[in-house]
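Notes for the structure review
Listed below are the residues making up each chain.
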Amino acid sequence: MDKLRALQYLVKVADTLSFSRAARAFGVPASSISRRITDLESVLGIELLHRTTRTVRLTEAGALYLEQVRPGLAQLDDADELVGQRSSTPSGTLRISAMPGYGQRLLMPALQDFGERYPEIVLDVHLSDALVELGRDQIDIAIRGGRQPQDRVVARKLDPNRFVLAASPQYLEKAGTPRTLEDLEGHRTLMYRGPNAVIKWQGLDEDGWREIPVTPAFISNDGASLIAMACRHQGLVLLSEWGLADYFKRGELLPLTLDRPVSVGRGGEAGIYLLYLQTRYRIPKVRVAVEFLVERLGDGSAA
């Protein structure tokens, strides 16, 4: 039995929850995937997968087993790619995941220049707010906002990701300019929907951070749509400064300062982070991309 191939099949089935999708990824029949994993189960003497006519999922033993073998398989893949590129120019497919707004406004222009400098690297860019697990999701580089991550992920800060309250001059003339956290409760608000829920506005007063009970007039998971509504005088928006900067320069929106801080999070060091695994950094395509993007987007240049 080719145990390595069986393990690779197992990982793909576990990640896709489908024999057919795993089969398409490897270009083999689904029956071959199933047979190899069955042989592996026989050798180990345990059941790795629960199989029904409609679903497939890891057993408890299978999840524990996969947790142990996955890092080794990832290191083997990294070693193969590192040796293959050691004496050549950076090449291959580079998979990048980024937040849609940041990706469209700042990352894509940078990647256009990167592509011209490294034409042998194929860029595979996925724009999404969904969380990713580097390595497991076959992502080389991720760009996300929030708190600095821990564990084995390397995080390079690109931007402080300061949130700014804004509105159009016409809206403020009609509805008045808010001065306090309490003033926000009487205004129309344009709210961002994250992957799991609408992102609540938080205010900091003498008792600490608290949720501000605002009434949404419009909700979207697309920052550009929220900005467009704000520019059409539909309410207040609370978004990252890097997304609003051009509108401030043109006077389409005005930044607002209250008597107390307002944001979408509670304390801690927030920012836009470029994330990667240290083991992947040794691969030329990953290393040159990390350094290029940190130089282009880092040190506050994204603001």
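This write-up is about the structure you can find in this document. Keep in mind the model is a prediction, meaning the values are calculated, not measured. (Residues numbered from 1 in each chain as written. Predicted model: local features only at pLDDT ≥ 70, side-chain atom pairs only at ≥ 80, totals over all residues. Heavy atoms only, no water.)

**Quick word on the sheet that holds strand 12 (residues 236–240)**
- As summarised here, the arrangement of the 5 strands in space is 11-8-12-7-13, forming an open sheet in which the pairing is mixed. Each edge of the sheet is formed by a strand with only one pairing partner; in this case those strands are strand 11 (215–220) and strand 13 (254–256). The average angle at which neighbouring strand axes cross in this sheet is 40°, direction not considered.
- Lying on the sheet, helix 7 (residues 223–231) is in contact with strand 8 (188–192), strand 11 and strand 12; it crosses strand 8 at an angle near 165°.
- Together, strand 7 (163–167), strand 12 and strand 13 form the strand contacts of helix 8 (residues 241–250), whose direction differs from that of strand 12 by roughly 120°. (Pairing = 2+ DSSP bridges. Helix = DSSP H or I, 4+ residues; strand = E, 2+ residues; numbered from the N terminus. Axes fitted to C-alpha atoms, helices over the stretch in contact; angles between N-to-C directions. Contact = heavy atoms within 4.5 Å.)

**Let's talk about the pattern of salt bridges**
- For the structure shown, the criterion picks out 11 salt bridges.
- Across the pair Glu241 and Arg162 runs a salt bridge whose closest N-O atoms are separated by 3.0 Å. Of this pair, Glu241 sits in helix 8 while Arg162 sits in the loop between strand 6 (153–159) and strand 7, and the two are 79 residues apart along the sequence.
- By relative accessible area, Glu241 is classed as partly exposed at 28%.
- Of the residues examined, Arg162 reaches a relative accessible area of 48% and is grouped as partly exposed. (Salt bridge = Lys/Arg side-chain N within 4 Å of Asp/Glu carboxyl O. Buried < 20%, exposed > 50% of the residue type's maximum accessible area, 1.4 Å probe, protein only.)

**Some words on the packing of aromatic side chains**
- According to the stated counting rule, one finds 5 aromatic pairs in the structure shown.
- With a centroid separation of 4.8 Å and 70° between ring planes, the pair formed by Tyr9 and Phe26 is classed as edge-to-face. Of this pair, Tyr9 sits in helix 1 (residues 3–16) while Phe26 sits in helix 2 (residues 19–26); the two residues are 17 residues apart in sequence, bridging distant segments of the chain.
- Ring centres of Phe114 and Phe292 lie 5.3 Å apart, and the angle between their planes is 65°; on these two criteria the pair is classed as edge-to-face. Note that Phe114 is positioned in helix 5 (residues 100–117) and Phe292 in helix 10 (residues 284–297), a separation of 178 residues in sequence.
- By relative accessible area, Phe114 is classed as buried at 1%.
- A relative accessible area of 8% means that Phe292 is categorised as buried.
- The structure contains a cluster of three or more aromatic residues connected by ring pairs, namely Phe114, Tyr118 and Phe292.
- Above the face of the Tyr247 ring, Arg250 is positioned so that its terminal group lies 4.8 Å from the ring centre. (Phe/Tyr/Trp six-rings, centres within 6.5 Å; stacked < 30°, edge-to-face > 60°. Lys NZ or Arg CZ within 6 Å of the ring centre and 35° of its normal.)

**Looking at helix 1**
- Along its 14 residues, helix 1 runs 20 Å from first to last C-alpha, staying within 8% of the 20 Å computed at 1.5 Å per residue.
- Residues Ala6, Leu7, Tyr9, Leu10, Val11, Lys12, Val13 and Ala14 constitute the buried set of helix 1.
- Between a side-chain oxygen at the N-terminus of helix 1 and the backbone nitrogen of Leu4 the separation is 3.3 Å; the capping residue is Asp2.
- Trailing helix 1 by a residue or two, Leu17 shows a phi angle of about 55°, which is positive. (Expected span 1.5 Å × (residues − 1). Polar contact = N/O pair within 3.5 Å; in protein donor to acceptor, adjacent residues only side chain to side chain.)

**A word on the packing of helix 5 against helix 8**
- Interaxial distance between helix 5 and helix 8 falls to 10 Å at its minimum, and their mutual angle equals 55°. The angle between helix 5 and helix 8 places the two elements in the oblique class. On helix 8, the residues touching Gly101, Tyr102, Arg105 and Leu106 of helix 5 are Trp242, Gly243, Ala245 and Asp246.
- A class-by-class count of the residues in the contact of helix 5 with helix 8 yields 4 nonpolar, 2 polar and 2 charged. (Parallel < 35°, antiparallel > 145°, perpendicular 65-115°, else oblique. Nonpolar A, V, L, I, M, F, W, Y, C, P; charged D, E, K, R; others polar.)

**Examining the environment of Arg117**
- Mapped onto the fold, Arg117 is located in helix 5.
- Residue Arg117 is classed as exposed on the basis of its relative accessible area of 52%.
- Between the C-alpha atoms of Arg117 and Leu134, which are 17 residues apart in sequence, the distance is 25 Å.

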